[in-house]
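# Inside the fold
Below, each chain spelled out in residue letters.
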Protein chains: 2
Amino acid sequence: MATLADVARRAGVSTATVSRIINNSPKPVAEALRERVLAAVAELQFVPNANAQQLARADRTAVGVIVHDVSDPYFAEITRGLQRVATDHGRLVIICNSYRDPERELAYVDLLHAHQTAAIVLAGSGYHDAPITARLDAKLRIYESTGGRVAVIGRHEHAGDAVVPENEPGGYLAGDALYRLGHTAIGVIAGPRHLTTTTDRLAGLRRAAKEHGHRLTARQVAYADFDRNGGRAAAATLLEANPGLTALAALNDSMAVGALACLRERGIDVPGRMSLIGFDDMPISVDVTPPLSTVRLPLEEIGVRAMSLALREGERGAPLVEHAAARLVLRGSTAAPRGTRSRP
Amino acid sequence: MATLADVARRAGVSTATVSRIINNSPKPVAEALRERVLAAVAELQFVPNANAQQLARADRTAVGVIVHDVSDPYFAEITRGLQRVATDHGRLVIICNSYRDPERELAYVDLLHAHQTAAIVLAGSGYHDAPITARLDAKLRIYESTGGRVAVIGRHEHAGDAVVPENEPGGYLAGDALYRLGHTAIGVIAGPRHLTTTTDRLAGLRRAAKEHGHRLTARQVAYADFDRNGGRAAAATLLEANPGLTALAALNDSMAVGALACLRERGIDVPGRMSLIGFDDMPISVDVTPPLSTVRLPLEEIGVRAMSLALREGERGAPLVEHAAARLVLRGSTAAPRGTRSRP
DNA sequence: CCCCCTCAGGTAAGCGCTTTCCTGGCAGGC
DNA sequence: GCCTGCCAGGAAAGCGCTTACCTGAGGGGG
């Protein structure tokens, strides 16, 4: 593998000159030399060793992103926003999938720290696990203290700037919409119990219930994995346990799609016999049948804002916290229960 | 930021000892020293500089992955497979999105080369652009000559091992299925012209047409972006230009989903008045209405195999080429044209 | 005509680690 | 009791770059 020194030797100049030319440093270099060096670079197919450059320079360029799983549309959308901003700033982004394993998340923070990334963006639900949360926070603080920037999405509890999706208000919106339509027996398809996203959204739903004079009993809430199959299983459980249900609220769209599959299998018409509302508004939600009513979170924008925070220049004062508004999107999967008229 | 030397000083030992303890090198170290060093590491919150480590060690650990766009389900699935294998091997994977820009792809090869990744996996369609292809190939070869491994998915034309999805046979499968059902006027919703994936799949379709005594005229093929909106637009174009169409073949599932939306808007029943077949079998394909008939490509498995090739040990002989079989999956979106009976 | 300033280009000191090779102390063998 | 062998631990040489600082040549002014 050719090195800077090889190029310098070949061109008959010092390594300093080669370095200057390659990085087109402001220091002037005679045109003749430049050409000779460039020729040598081409001949030797020289590619500078980024690790050596990184070590020699002081600056940090790459940024790290830790998500649960990029192949999940929720994170895919966020990541798209993150990427766009990073690319606009000329930054390489390193994407790490924690696959919802907190230990892996911790390991990735260390890894990104070790790689001298300029910033770490942590996306995805927090965990109801105090020791883990504390350890993660400690690592993030250490990283910050060595000059790294931190931006979190959700997970307001951690160090660094934050973009906080309105999960609780969103849950409220979903619940309120259902109750307003006249539903009284609502089942909740929830994500894993230990995720804060689950509890936040659920809290909003409960608030709506309370406000409308209802409550959500334990059997009306089914916890499962935050994906299609989880939603399908949870829907089945709910249907079994609560024969009188007229509406289902899923805590994300993937689960809602799974629930839709379950309903279809059982020949339960949506929204005729059962209303269904999701959460997130993934791109695909408009293409299922019926198109999914849901609570929209501006996912790509969340990514954009998080990366903008992570990359912002200037002094580090108090961490910035921005909120990302949830918005109700009614499509075809919700309606008033049979034989009812929705209240205004 | 604490360095190895700081830790050594603090613990009253040499940097060599600290390094040995941290990397638990086989060289024995007295228990007392070990404890002192570990204590110092904790107190100083030392995190080794990965760039320095990388530079000092000879080995390459990370692997790079270049895809068009991870947020596209096609690549998301492949990436999942890639990740799994890499993680099993204890490798960090760096994911790079080219967003279908060949120049960016070239830049990423250099970047991954510069970062001393052990391997580069290049996924996603090739381009019908000889100069670009040649430049990419040259870069890949240089990278290989410096000890890097290369594995490509599709893009058989490049250096390195390859996993080749059966695009042409898959296209044939889709076409054959439609003709067998009795369709004679088929429209093709194609991806961008300059992508080899488009032309390969289209070639299979044409072969099927020919075999059944038909042909695909220019107006029967609409080119658009390889995504939902592209599919929707292309479907509209096709419907306008060919009133007699009874079936649509989309060159990927995203486009098929878009076509479905177009058909729905126009009140054209699928499969009653129009059959539709996709390609890839994305996870969501089963959840649209009607569930999409498609040509299944084992995407995650393709990722697994590509990464296995990229990480394989041993001498580098002739590049290995593996094929990933396409399989027809008939679901609800295809049927015999009205008033016809499908041929056996 | 000489001195000094200017500036292109080189020298070399790191950047933070790993690892080879060396040292010094101790135990065991004759 | 001395020599040899062994072993824990340290010194130092890199790894491939960047860059502050130095040098020497050329030009202009006094």
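Structure first, text after, so check above.
Keep in mind the model is a prediction, meaning the values are calculated, not measured. (Residues numbered from 1 in each chain as written. Chains lettered and ligands numbered in written order. Predicted model: local features only at pLDDT ≥ 70, side-chain atom pairs only at ≥ 80, totals over all residues.)

Let us now look at the protein's contact with DNA strand D. Near DNA strand D there are 26 residues, and of these A:Leu4, A:Ala16, A:Ser19, A:Ala56 and B:Ala30 occur at the shortest range. Looking at the surface near DNA strand D, the elements with two or more residues in it are helix 2 (15-22) and helix 4 (50-56) of chain A together with helix 2 (15-22) and helix 4 (50-56) of chain B. Ranked by the residues each element gives to the surface near DNA strand D, the list is headed by helix 2 of chain A, at 5 residues. (Near = placed C-beta within 6 Å. Helix = DSSP H or I, 4+ residues; strand = E, 2+ residues; numbered from the N terminus.)

Bringing the protein's contact with DNA strand C into the picture now. If you check the shell around DNA strand C, you find 27 residues, and the closest are A:Ala16, B:Leu4, B:Ala16, B:Ser19 and B:Ala56. When residues of the surface near DNA strand C are traced back to their parent elements, those giving at least two are helix 2 and helix 4 of chain A together with helix 1 (4-11), helix 2 and helix 4 of chain B. At 5 residues, the largest contribution of residues to the surface near DNA strand C is made by helix 2 of chain B. When its residues are assigned to classes, the surface near DNA strand C shows 16 nonpolar, 9 polar and 2 charged. (Nonpolar A, V, L, I, M, F, W, Y, C, P; charged D, E, K, R; others polar.)

One turn of an α-helix holds 3.6 residues; hence residues three or four places apart share an orientation. Residue and element names in this part refer to chain B. Look at helix 12 (residues 299-311): 18 Å from first C-alpha to last across 13 residues, which is about the 18 Å you get at 1.5 Å a residue. For helix 12, the set of buried residues is Leu299, Ile302, Gly303, Val304, Arg305, Ala306, Met307, Leu309 and Ala310. On its buried side, helix 12 packs onto strand 1 (63-67), helix 5 (73-88), strand 3 (119-122), strand 4 (149-153), strand 5 (161-165) and strand 11 (321-324). (Expected span 1.5 Å × (residues − 1). Buried ≥ 20, exposed ≤ 12 C-beta atoms within 10 Å, placed from the backbone. Contact = placed C-beta atoms within 7 Å.)

Moving on: the interface of chain B and chain A. At the interface, 37 residues of chain B touch 37 residues of chain A. Those elements giving two or more residues to the side of chain B that touches chain A turn out to be helix 4, helix 5, strand 2 (93-97), helix 6 (102-114) and helix 11 (253-265) of chain B.

With that out of the way, let us pick up the sheet that holds strand 1 of chain B. All names here are of chain B. With respect to topology, 6 strands assemble into an open sheet ordered 2-1-3-4-5-11, the strand pairing being parallel. Among the strands making up the open sheet, the edge pair consists of strand 2 and strand 11. Pairs of neighbouring strands in the sheet enclose a mean axial angle of 15°, with direction left out of account. Here strand 5 runs beside strand 11; their pairing, made up of 4 bridges, is parallel. Paired with valine 164 across the bridge in strand 11 is histidine 323. This element, helix 6, spans strand 1, strand 2 and strand 3 of the sheet and lies at about 175° to strand 1. (Pairing = 2+ DSSP bridges. Axes fitted to C-alpha atoms, helices over the stretch in contact; angles between N-to-C directions.)

Residue and element names in this part refer to chain B. Its 14 residues give helix 10 (residues 228-241) an end-to-end C-alpha distance of 20 Å, which sits within 8% of 20 Å, the value for a rise of 1.5 Å per residue. Of all the positions in helix 10, only Arg228, Gly230, Gly231, Arg232, Ala234, Ala235 and Leu238 are classed as buried. The secondary structure elements touched by the buried residues of helix 10 are strand 6 (186-190), strand 7 (221-223), strand 8 (247-250) and helix 11.

Okay, the pairing of strand 1 of chain B next. Residues and elements named next belong to chain B. A large share of strand 1 lies buried, amounting to 5 of its 5 residues. Residues Val63, Val65 and Val67 of strand 1 are buried on one face, and the alternating residues Gly64 and Ile66, pointing to the opposite face, are buried as well. Note: strand 1 against strand 2, 5 bridges, orientation parallel. Within strand 2, the residue paired with glycine 64 across the bridge is isoleucine 94. In terms of handedness, the path from strand 1 via helix 5 over to strand 2 forms a crossover that is right-handed. The pairing of strand 1 with strand 3 spans 4 bridges and is classified as parallel. Paired with valine 65 across the bridge in strand 3 is valine 121. (Right-handed = clockwise from strand over helix to strand, strands pointing away.)

Spatial relationships are all this shows, so hold off on functional conclusions.
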